[in-house]
Amino acid sequence: MESGMPLSGGQRALIRESWQRVSGSPVQHGLVLFTRLFDLDPDLLPLFQYNCKQFSSPQECLSAPEFLDHIRKVMLVIDAAVSHLENLSCLEEYLCNLGKKHQAVGVKVESFSTVGESLLYMLEKCLGGAFSPEVQEAWSKLYNAVVKAMQRGWETLPEGD
């Protein structure tokens, strides 16, 4: 992640402040995010399988203990990005590897725009009136930087694997 990431000090403050209001209930807020994701793109549901079990509905997936673990992990990645706003490049290798893992299970790069929409939706629902256009712009910039790093995982797969 380039050190010239376009987040101003004010945007970093908005991200930290808004995340502080959300991060206390990661599973609850993560459920809002993933419920929205499945509403926007139900075709993503088959990507979530545990012990070769296919979920028959988003509700079944959203209540599975393994999926709740996945939600916790997603929220931890967001938390890590917020914690490292001053130096996102230190997460570069981790995010690149995370991108590789997502590619390996069949996630398409294009799906990350839907995830981004779902993240903004969750923030708007959780923050209410505090979700200003400035907060939305700051989060969009952060999310785009994270996704760019994850996309490098698609681009750096070794030949012949």
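As named in an unreviewed UniProt entry, the protein chain is Neuroglobin, taken from Cyanoderma ruficeps. Per UniProt, the protein chain carries the Sequence similarities (unreviewed entry) text "Belongs to the globin family." Taken from UniProt, the Catalytic activity (unreviewed entry) comment for the protein chain reads in full: "Fe(III)-heme b-[protein] + nitric oxide + H2O = Fe(II)-heme b-[protein] + nitrite + 2 H(+)".

> Just checking my understanding: could you explain the pattern of salt bridges for this structure?
Opposite charge on two side chains makes pairing possible when the charged atoms of those side chains draw close. The final tally for this structure, using the stated rule, is six salt bridges. The shortest N-O distance in the salt bridge between Glu86 and Arg12 comes to 3.2 Å. Taken as a pair, Glu86 in the loop between helix H4 (65-83) and helix H5 (92-104) and Arg12 in helix H1 (residues 9-22) lie far apart in primary sequence, 74 residues in all. Among the ionic pairs, Lys141 bridges to Glu137, the shortest N-O distance being 3.6 Å.

> Quick question: what am I supposed to make of the side chain of His29 here?
Among the structural elements, His29 can be located in helix H2 (residues 26-40). His29 gets classed as buried once you look at its relative accessible area, which sits at 8%. In this structure His29 touches Arg21, Val22, Met75, Met122 and Cys126, once residues within four positions along its chain are discounted.

> For this particular structure, what's the right way to read the side chain of Thr114?
With respect to the secondary-structure elements, Thr114 resides in helix H6 (residues 111-127). Excluding its chain neighbours within four sequence positions, the residues that come into contact with Thr114 are Leu37, Leu40 and Asp41.

> What is the right way to look at H5 in this model?
Residues three or four positions apart in an α-helix share a direction because the helix packs 3.6 residues into each turn. Between its terminal C-alpha atoms H5 stretches 18 Å, which fits the 18 Å expected from 13 residues at 1.5 Å a residue. Those residues of H5 that fall on the buried side of the exposure criterion are Glu92, Leu95, Cys96, Leu98 and Gly99. Buried residues of H5, seen end-on, are gathered within an arc of 160° and therefore sit on one face of the element. For H5, exposure combined with an orientation more than 90 degrees from the buried face picks out Glu93, Lys101 and Ala104. Gly106 occupies a position one or two residues after H5 and carries a positive phi of about 100°.

> It is not clear to me how the environment of Ser18 should be interpreted in this structure. Could you clarify?
Summarising the element assignment, Ser18 is placed in helix H1. Exposure remark for Ser18: the relative accessible area of 5% places this residue in the buried category. Taking C-alpha positions, Ser18 is 24 Å from Ser111, a pair spaced 93 residues apart along the chain. Ignoring sequence-local partners within four residues, the contact set of Ser18 consists of Leu127, Val135 and Trp139.

Criteria and cut-off values
- Residues numbered from 1 in each chain as written.
- Predicted model: local features only at pLDDT ≥ 70, side-chain atom pairs only at ≥ 80, totals over all residues.
- Heavy atoms only, no water.
- UniProt positions renumbered as here; feature names shortened; annotations may be inferred.
- Salt bridge = Lys/Arg side-chain N within 4 Å of Asp/Glu carboxyl O.
- Helix = DSSP H or I, 4+ residues; strand = E, 2+ residues; numbered from the N terminus.
- Buried < 20%, exposed > 50% of the residue type's maximum accessible area, 1.4 Å probe, protein only.
- Contact = heavy atoms within 4.5 Å.
- Expected span 1.5 Å × (residues − 1).
- Arc of directions from axis to C-beta.

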